[in-house]
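Structural features, examined
In case you want the letters, here they are:
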Amino acid sequence: MKFSRRAVLAHIGAAGLSAALPVRSPAQNAYADLEGRPWFFFNDEQARFVAAMVDIFIPEDEFPSASQAGVVDFIDLQLAGPYGRGEGLYLQGPFPESTLPTQGYQLPYPPAELVSRGIEEVEGGQDGIRLVDRDLAGREAFVGALSGTQQSPVAGGFFDEMLKLANWGYFADPIYDGNRDYAGWRMVGFPGAHAYYLSFVDKHNVPYPVDPKGIAHVPGEGPAEFLETRSREG
Amino acid sequence: MAARTLPKTDVVIIGGGWTGLAAAYELANNGQRCVVLERGRYRHDATYFAGPGEHDDLKYAHQYEHMMDVSTQTLTFRNTPEQTALPMRRLGSFLPGQGLGGAGIHWNGQNWRPLPQDLQMRSFYVDRYGEQFLSDDDITVQDWGVTYEELEPHLDFFERVAGIGGAAGNVGGEIREGGNPFEGPRSRDYPNPPMKQPIATTLFAQGAAQLGYNPFPIPSANLTAAYENPYGAQLHPCTYCGFCERFGCGYYAKADPIICIYDRLVGHDNFEIRFNAYVMRVDKSSDGKTATGVTYVDEDGQEVFQPADIVCMCAYSLWNVHLMLVSGLGEPYDFRNRTGTVGRNYAYQTLAAATVFFEKDILTNPFMGAGALGMAIDDFNTGNFDQGDLGFVGGGYIGSTQTNGRPIAYQPTPAGTPGFGLEWKRAVRDNYNHSGGVLLHGSSVASPSNFLDLDPTYTDVFGRPLLRMTFDFPENDRRMAAYGLERVVEIVEAMDSVVSYATVNRAGPEQNYSVVPYQTTHNTGGAVIGTDPGTSVVNRYGQMWDYHNVFVFGACLFPQNLGYNPTGPLMGLAYWTLEHMKNAYIPNPRPLMDA
Ligand SMILES: Cc1cc2nc3c(=O)[nH]c(=O)nc-3n(C[C@H](O)[C@H](O)[C@H](O)COP(=O)(O)OP(=O)(O)OC[C@H]3O[C@@H](n4cnc5c(N)ncnc54)[C@H](O)[C@@H]3O)c2cc1C
């Protein structure tokens, strides 16, 4: 089967959103090249929904939007892995109906299940029009209405989870396939994982303009293309 | 009954963190055979924490790779005794450790001493303002039963073990410029010089000085020079890499229990450590006067009984209290009748802060950071100012730190900025390199309705009831935080180059304590030290009143929490206890104080 993630996400383009396709930067690492692979966790519909939602959280301006920076791929990988399965989460019941906000997350679902259920629930709610079929203002209103929502515990938990994941995906090290071409790090000026500031920290108000470098960067070499071990299809 | 009983050892130590490894070092070198049981795995700075792999913000800071696994064991939480406690399903407000080194590998390294009056908090306030001052509020503040003069040599020794860098403010009564003039007299200077300071913390210090306060560098376990500690460990200078709190340090530049203690002990004939050894309970003798050892689940899931002459509880404050409760050691606190002591006087830390936005020519380079990098004033800590008209006890230091600029969490945005969208994105980018912070790190008084006990509903994977925490900020601390935040704002307004600021008060009006946002891993009390068995679990030597061969370590000993981070004080107490074990208890095992 010929499969293109880019093609799936292209469908999310709507009036006011950038028509530009997510541009794939040179691979930074072994994970970066996912184009020829099916989603690990999502189906195409879910991927489109997530792309539309995270691009409301982090829209395109002079810097890429979330989906342009690989955030959908990031979330897909996270939900397919130990994090999505609920590693590090205490999931024993009972799960009472009424909980205090100070007690934190109290749903019986690990993150992957929360996201699937959340998409299903919120797509069915509001006025029945799917998120990707709305124009920009409609998408903003749709996502805005979920923020701080009392609509239902699942919708509220889902919104918080998605905002967290989008933020992680935009700013985490590119080895997790978000933050492509260091979009998030370039935006703020974060130099990354190779950090040694002993002789600089007390130089006041002096810029530190270096190109960001992630964990997979090997000092003295260019982009770590040699780490690209996976074969390319499609 | 445990499936298997092992040969007896002199000392069994529960937990391989700061206190457990210090106990093992001192007692093994005193001739006792020590077995340390650590629930987590082996790990080491050189092989596990090396950069750049360790500099993975997602994995360590946000997915808690170095911290305890709450799917195995967690606690339940509620704000008040009328509510139903529910499990803390993921980590948040505090991040306890698991594995060699405990939380000591992912700490910040801000290393304080208690003030002399901290250790005599009740007598100090009663002397100064009269009995009424404390009884106006329903708070159970008490004296520690050990004085600053008694602890000083041990506080000093830990500063040497960890190679603390700082500027002394009071050496033998002589006040020194540039240090903390309020600190108790120290026998000598810090072993290392203070850290270098970036612009943001410098602007704070200048603002505070202009108001007549006394800024000084925060005492730091991020090393400032090549250093050899008293055990012979070699440490290196900190690189200000900004991956400190929540990370292990592969540079050997943040003092931790692995490089400072474990490496100098491993191989000693009297020392053995077992990993993946999860202690279930402390076992008691039939006469009810001593413990016989501990039962743990080993890496194959088998229960094992380890007999021992002495049990050292070093499992971190919360889990020490949990172990006492599930083992039936001591009398559990009953808040309705105010009887019992185990679980009583649980306290936390009270935080209020301002994020400060500077002019655009101020470049803060926030990614150049270290866990203990910063400046502070102590003018508003417990008893350092006149509180007669203020109606609260306690206080805190006010400081400005620059710990990291890791952008998943470091997103300072001005008040009123939305939480997502174009405006948010713009604000994150515009302010990232032009912001700083000023924090009140406030104390936490003990109150009768804040306590630890066992949950009636939820269990851990071993089937033991979970620890149940009941906590909210007492009125006293809400007044303290409001007052402290006013002082924070005054300083911010006196600082140069400030455009605006945004404040947050965790103990503000209508704000209940929440286990969700990270605050501090400074959980204190529940097994407090003292001289009266009616109000303490251990005597002034850290020895349990009820079981004289059980010694307790860690912040669970604090009768109320200080306006400081806890590790300096709790390690001072640990070395004090160890001295009395070596010199008084081991030669002649008995209760060291009459009940
Ligand atoms: C993010 C962070 C930042 C911090 N920053 C500072 C700071 O700047 N300044 C400061 O003073 N303090 C700081 N602290 C607190 C500091 O880490 C603790 O005070 C210190 O580690 C306590 O030492 P301990 O020996 O009591 O516990 P730990 O060092 O946590 O060791 C306890 C050990 O016991 C083990 N254990 C628990 N239960 C069992 C069981 N049932 N069986 C077997 N083993 C068990 C645990 O796995 C752990 O390894 C910070 C903590 C965190 C998490």
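Our subject is the structure listed above.
Let us look at the structure shown here. (Residues numbered from 1 in each chain as written. Chains lettered and ligands numbered in written order. Predicted model: local features only at pLDDT ≥ 70, side-chain atom pairs only at ≥ 80, totals over all residues. Heavy atoms only, no water.)

**Comments concerning the overall build of chain B**
Stated formally: Under the DSSP-based scheme used, a helix requires at least four consecutive residues in state H or I and a strand at least two consecutive residues in state E, with every element numbered from the N terminus. Summary of the burial criterion: residues with accessible area below 20% of their type's maximum are buried, those above 50% are exposed, and those between are partly exposed, where the area comes from a 1.4 Å probe applied to protein chains only. The Shrake-Rupley method, run with a 1.4 Å probe, gives the accessible areas here. Residue values count only the displayed protein chains as cover. Counted charges follow a simple rule, with Lys and Arg positive, Asp and Glu negative, and His plus the chain ends left uncounted. Every charge is mapped onto a representative atom, which is NZ of Lys, CZ of Arg, CG of Asp or CD of Glu.
When you go through chain B residue by residue, the secondary structure sums to 12 helices and 22 strands. In terms of principal-axis extent, the alpha carbons of chain B reach across some 70 × 55 × 50 Å. Within chain B, the fraction of its 595 residues that count as buried is 68%. Counting only carbon and sulfur atoms, one obtains 47% of the accessible surface of chain B, whose full area is about 18500 Å². In chain B, 42 side chains carry a positive charge and 64 a negative one; their mean positions are 5 Å apart.

**Concerning the overall build of chain A**
Applied cut-off: Whether two residues are in contact is decided by their heavy atoms, any of which lying within 4.5 Å being enough.
Secondary structure assignment for chain A yields eight helices and zero strands. The order of helices and strands in chain A, counted from the N terminus, is α-α-α-α-α-α-α-α. Buried positions account for 53% of the 234 residues belonging to chain A. Considering only contacts within chain A whose residues lie at least 6 apart along the sequence, 66% involve residues at least 24 apart.

**What to know about the site of the ligand**
Residues and elements named next belong to chain B. Heads up, the condition is: Distances are taken per atom, and a residue is near a molecule or strand as soon as one of its heavy atoms is within 4 Å of it. Between N or O atoms, a polar contact is any pair within 3.5 Å; within protein, one atom must be a potential hydrogen donor and the other a potential acceptor, and residues adjacent in sequence are included only when both atoms are from side chains.
Neighbouring residues of the ligand: 37 residues in total, closest Thr19, Glu38, Gln110, Val279 and Thr567. Here glycine 99 contributes a backbone N or O atom positioned 3.3 Å from an oxygen atom of the ligand. Proline 566 places a main-chain nitrogen or oxygen 3.4 Å from an oxygen atom of the ligand. Here the ligand, which alone exposes 990 Å², has 99% of that area covered by the protein.

**Regarding the interface of chain B and chain A**
Note the cut-off: Note on definitions: buried area is the accessible-area loss of two parts on being combined, 1.4 Å probe, summed for both. The salt bridge definition used is simple: a Lys or Arg side-chain nitrogen within 4 Å of an Asp or Glu carboxyl oxygen. Residue classes follow a fixed rule: Ala, Val, Leu, Ile, Met, Phe, Trp, Tyr, Cys and Pro count as nonpolar, while Asp, Glu, Lys and Arg count as charged, and any other residue, Gly among them, counts as polar.
Listed as interface residues are 67 residues of chain B and, on the opposing side, 69 residues of chain A. Across the interface of chain B and chain A, roughly 5400 Å² is buried in total on both sides, 63% from carbon and sulfur atoms. There are four salt bridges connecting chain B and chain A. Of all the elements, helix α10 (residues 422-431) of chain B adds the most residues to the side of chain B that touches chain A, at six residues. In the side of chain B that touches chain A, the residues fall into 33 nonpolar, 21 polar and 13 charged.

**Quick look at the packing of aromatic side chains**
All names here are of chain B. As a reminder, the rule being used: Here a pair means two rings of Phe, Tyr or Trp (six-membered ring of Trp) with centres within 6.5 Å. Their orientation is stacked below 30 degrees between planes, edge-to-face above 60, and tilted elsewhere. Our definition puts a charge over a ring when NZ of Lys or CZ of Arg is within 6 Å of the ring centre and also within 35 degrees of the ring normal.
Per the stated rule, a full pass over the model turns up 56 aromatic pairs over all chains. Judged by centre distance (6.2 Å) and plane angle (75 degrees), the ring pair of tyrosine 262 and phenylalanine 271 falls under edge-to-face. Accessibility expressed as a relative area gives 7% for tyrosine 262, which makes it buried. What makes phenylalanine 271 buried here is its relative accessible area of 10%. Ring geometry for phenylalanine 392 and tyrosine 483: centres 5.6 Å apart, planes at 50 degrees, overall tilted. Of this pair, phenylalanine 392 sits in the loop between β16 (374-377) and β17 (396-401) while tyrosine 483 sits in helix α11 (residues 475-494), placing them 91 residues apart in sequence. In terms of burial, phenylalanine 392 and tyrosine 483 fall into one category: buried. Three or more aromatic residues joined by ring pairs form one cluster here, namely Phe77, Phe94, Tyr346, Tyr348, Phe471, Phe473 and Tyr513. Over the ring of tyrosine 518 we find arginine 246; its NZ or CZ atom is 4.8 Å from the centre of that ring. It is arginine 487 that lies over the ring of tyrosine 483; its NZ or CZ is 4.5 Å from the centre.

**As for the state of the cysteines**
Residues and elements named next belong to chain B. Basically, it comes down to this: Our working definition of a disulfide is a cysteine sulfur pair at a distance within 2.5 Å.
Scanning the entire structure with this criterion turns up zero disulfides over all chains. No disulfide involves cysteine 241; its nearest neighbouring cysteine sulfur is the one of cysteine 249, lying 6.4 Å away. On the basis of relative accessible area, cysteine 249 is assigned to the buried category, the value being 11%.

**Side note on the sheet that holds strand β20 (residues 465-470) of chain B**
Residues and elements named next belong to chain B. To keep it simple, the criterion reads: Note: two strands are recorded as paired if DSSP finds a minimum of 2 bridges between them.
As summarised here, the arrangement of the four strands in space is β5-β4-β20-β19, forming an open sheet in which the pairing is mixed. The sheet terminates laterally at β5 (86-87) and β19 (451-459), the two strands that pair on one side only. For strand β4 (residues 75-78) and β20, the ladder comprises four bridges, and the chain directions are parallel. Within β20, the position partnered with threonine 76 by the bridge is arginine 468.

Any functional reading would require information beyond the geometric quantities listed.
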